[in-house]
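# Commentary on secondary and tertiary structure
This is what each chain is made of:
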Amino acid sequence: MEPVRAFLIDSNKLFREGLKRLLDDSPFQIAAEAGNLREALNSVDNGLRPQLILLDLVNGGEEEADGMRRLRAQLPDARMVILTSDLCTRRLANALEAGADGYLMKDLSSDALAQSLRLVMMGEKVFPTHLAALLISGRVNGNGTDMPVSRKGLSQREVQILRCLLNGDSNKMIANHLNITEATVKVHLKSLLRKINASNRTQAAIWALNNGIGGELAGAGAVTAAAAHQ
Amino acid sequence: MQMNHEYAQEKASHSTRNAVTPMHVCLILDNSSLTDTVVQALDRAGRHRVTVFHDISELTQSTLTPDAILIGLQQFTALRENEPMVYLRLSRRSRIVVVLSSRELLDAAHILAFADAWVFEDINVDRINELLDLGLEGHCLMPKQFLSRLGVDEIRLTLLPRLSEPEFETLRLLGQGLNNRTIANQLDLSEAVIKSMVRSVLSKLHFRNRTEAGVFAARQQGALQSAREGMVPPQMHAAPAHRTGTS
């Protein structure tokens, strides 16, 4: 296998140095390291062009997803893999949204890590089996990216809720996902239904579908067919 | 499940250390042609000792303790449902890798978390050797198509022939965001009947709620009818006399 230039973003220096040595015999060469997102973005601004990004940002969550989106925007062809010790569904969902190619646990053996990375370079997606099982049963959703423009005077929150509706999420799941209370979800939902003139959540979701909210599906043939039917 | 995972990792570190001895893999698959395919794929790497069984009882009666058990979905489902203690014993000694086809994904979703990894016979069985290595350490490959809604929709479309005619019509109308009463009026059935139709649509196609079903029906509106008919044997095409075809 051709050598692969990897960029390691991890706050733990000892881990970075250790991994670098462990991967010495593998095709994966840690060409650059960064301890945090700011350093990482700086390096990329200065012309770093890795083929593979391994990252674990301390706080995970929003910061990580945001960081991944920014890296993704600058390095559209690089593969991105989260390498963490934290088995967390929300983090997985965020990572998928931001276009991650894998989510690996730090307690992998170095052989299995190299193996996984090789598969990622071939275009496979590698996940912990238990998280992947949740993904399939629909308890974790990988969504499209945020929609830049709002329509019909919808707030960003309302658009987020619409996108959850498209996944068929219950109010409870929406509340969890957006980190707000269920009562707040209901309030948003009510004003949302009024604004788009829908009489129930299913109609709202179908409206979202026909109006291209939900990222990946905009422009799909089925959507236009559905729109024509009304 | 969390515990299960930690336990799994503990086991993993054992098996990777002695990479010198070949890994012992037991096959208990649902059909013999699949068994041939998998055996060939395993042989190609030549790293494994392979034993083929026809059902679980053969394995449990033997004294073997394989490193990994490659098991067909049907066998695995039966094992989980009928013999939980045997499952538990096996899963302590060996890693369990379930072999299934992508069509079975939605039916199997609830049970996949109990396996250490999964292989899709129609997607990535050629990567079985890598998958076994990853499975030993609690990771698996997720086929790309399952990460997109359209990919999952496609699997659902293949399940449409399961629905009865009124259930199918109910699904269609759910795709217009109608409530039960309106659906009842349109189909000339009682609201109680529609309620049960909706329930069986949800369970047969594995939707969590009517919104998910409605979104699916709206998104795939153009494909519903043909997906349903594509699977129906020819003699049944003549039967539906009063279908209100829209798409």
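Use the structure listed above.
Our subject in this report is the structure included herewith.

Conventions adopted
Residues numbered from 1 in each chain as written. Chains lettered and ligands numbered in written order. Predicted model: local features only at pLDDT ≥ 70, side-chain atom pairs only at ≥ 80, totals over all residues. Heavy atoms only, no water. Helix = DSSP H or I, 4+ residues; strand = E, 2+ residues; numbered from the N terminus. Buried < 20%, exposed > 50% of the residue type's maximum accessible area, 1.4 Å probe, protein only. Contact = heavy atoms within 4.5 Å. Areas by Shrake-Rupley, 256 points an atom, 1.4 Å probe, with all protein chains shown as cover. Phe/Tyr/Trp six-rings, centres within 6.5 Å; stacked < 30°, edge-to-face > 60°. Lys NZ or Arg CZ within 6 Å of the ring centre and 35° of its normal. Pairing = 2+ DSSP bridges. Right-handed = clockwise from strand over helix to strand, strands pointing away. Core = buried A, V, L, I, M, F, W, Y, C linked by side-chain atoms within 4.5 Å. Buried area = accessible area lost by both parts, 1.4 Å probe. Salt bridge = Lys/Arg side-chain N within 4 Å of Asp/Glu carboxyl O. Polar contact = N/O pair within 3.5 Å; in protein donor to acceptor, adjacent residues only side chain to side chain. Axes fitted to C-alpha atoms, helices over the stretch in contact; angles between N-to-C directions. Arc of directions from axis to C-beta.

## Structural notes on the overall build of chain B
A tally of regular secondary structure across chain B gives 13 helices and six strands. Per-residue burial for chain B yields a buried fraction of 51% across its 247 residues. In chain B, the proportion of contacts linking residues at least 24 apart, taken out of those at least 6 apart, comes to 63%. Here chain B displays about 11400 Å² of accessible surface, and carbon together with sulfur accounts for 52% of that area.

## With respect to the overall build of chain A
Secondary structure assignment for chain A yields 11 helices and six strands. Residues counted as buried form 54% of the 230 residues belonging to chain A. Across chain A, contacts joining residues at least 24 apart in sequence account for 63% of those joining residues at least 6 apart. In the structure as shown, chain A presents an accessible area of about 10000 Å², 47% of it carried by carbon and sulfur atoms.

## Examining the packing of aromatic side chains
Residues and elements named next belong to chain B. Counted by the stated rule, this structure contains five aromatic pairs over all chains. Ring centres of Trp-118 and Phe-120 lie 6.5 Å apart, and the angle between their planes is 80 degrees; this geometry places the pair in the edge-to-face category. Phe-120 matches Trp-118 in its accessibility class, with the two residues each being buried. Every member of this aromatic cluster is reached through a ring pair, and the members are Phe-76, Tyr-87 and Phe-114. Arg-228 extends its terminal NZ or CZ atom over the ring of Phe-168, reaching a point 4.6 Å from the ring centre.

## Thoughts on the pairing of strand β2 (residues 28-34) of chain A
All names here are of chain A. When strand β1 (residues 4-10) meets β2, the two strands line up parallel, connected through six bridges. In the strand pairing of β2, Ile-9 is matched with Ala-34. The β-α-β motif built from β1, the intervening helix α1 (residues 13-22) and the parallel element β2 has right-handed crossover chirality.

## Some details on the nonpolar core
Side chains of nonpolar character tend, in soluble globular proteins, to be buried together. Leu70(B), Trp118(B) and Leu171(B) are the most contacted members of the largest nonpolar core, which has 125 residues in total. What Trp118(B) contacts, discounting residues up to four positions off in sequence, is Thr129(A), Ala132(A), Ala133(A), Ile136(A), Val97(B), Val98(B), Leu100(B), Leu112(B), Leu131(B), Cys140(B) and Met142(B). In terms of nonpolar packing, the next biggest core, distinct from the first, is built from 26 residues, Leu165(A), Leu193(A), Ala205(A) and Ile213(A) among them.

## Concerning the interface of chain B and chain A
Contacts between the two partners involve 45 residues from chain B and, on the opposite side, 51 residues from chain A. Carbon and sulfur atoms make up 59% of the area that chain B and chain A hide from each other, which totals about 4300 Å². The largest contributions to the chain B side of the interface with chain A come from His139(B), Arg149(B) and Arg208(B), which together make up 17% of the buried area. Ionic pairing is found between Glu124(A) and Arg127(B), a salt bridge with its closest N-O pair at 2.7 Å. Between the two partners, chain B and chain A, sit 16 residue pairs in polar contact (both at pLDDT 80 or more). Secondary-structure elements contributing two or more residues to the side of chain B that touches chain A are α1 (2-17), α6 (105-112), β5 (117-120), α7 (128-136), β6 (139-141), α8 (149-159) and α12 (210-219) of chain B.

## Some remarks on unusual backbone geometry
What you tend to see is this: most non-glycine residues have negative phi, and most peptide bonds are trans. The backbone of Asn179(A) shows a phi angle near 65 degrees, a positive value even though the residue is not glycine. For Asn179(A), the location among the structural elements is in the loop between α8 (171-178) and α9 (182-196). Residue Asn179(A) is classed as exposed on the basis of its relative accessible area of 60%. One non-glycine residue, His206(B), lies in positive phi territory at about 60 degrees. Examined against the element boundaries, His206(B) turns out to sit in the loop between α11 (191-205) and α12.

## So, the sheet that holds strand β2 (residues 48-52) of chain B
Consider a sheet: its strands pair through backbone hydrogen bonds, and that pairing is either parallel or antiparallel. All names here are of chain B. The parallel open sheet is built from five strands, whose spatial order is β2-β1-β3-β4-β5. The sheet is open, and its two borders are formed by β2 and β5, each paired with just one other strand. Geometrically, the sheet is characterised by an average inter-axis angle of 25 degrees between neighbouring strands, direction not taken into account. By the bridge criterion, four bridges tie strand β1 (residues 23-28) to strand β3 (residues 68-72) in an arrangement that is parallel. In the strand pairing of β3, Ile-28 is matched with Ile-71.

## Let's talk about the pairing of strand β5 (residues 102-105) of chain A
Regular strands show a simple pattern: their side chains alternate between the two faces of the sheet. Burial of β5(A) is two-sided: the residues Gly102(A) and Leu104(A) facing one way and the residues Tyr103(A) and Met105(A) facing the other way are all buried. For the segment spanning strand β4 (residues 79-84) of chain A, helix α4 (residues 89-97) of chain A and β5(A), crossover handedness is right-handed.

## What to know about helix α10 (residues 180-187) of chain B
Residue and element names in this part refer to chain B. Listed as buried for α10 are Asn-180, Ile-183 and Ala-184. Looking straight down α10, one finds its buried side chains confined to an arc of 100 degrees; they lie on one side. Along α10, the residues that are exposed and aim more than 90 degrees away from the buried face are Arg-181 and Asn-185. If you follow the buried residues of α10, they end up packed against α9 (165-174), α11 and α12. Asp-188 occupies a position one or two residues after α10 and carries a positive phi of about 60 degrees.

## A short note on the pattern of salt bridges
Residues and elements named next belong to chain A. For the structure on display, the rule yields 22 salt bridges over all chains. The residue Lys-106 makes a salt bridge to Asp-56 at a minimum N-O spacing of 2.9 Å. Of this pair, Lys-106 sits in the loop between β5 and α5 (110-121) while Asp-56 is found in strand β3 (residues 52-56), placing the two residues 50 residues apart along the sequence. On the accessibility criterion, Asp-56 (11% relative accessible area) is buried. Connected via shared salt-bridge partners are Asp-10, Asp-56, Glu-64, Asp-86, Arg-91 and Lys-106.

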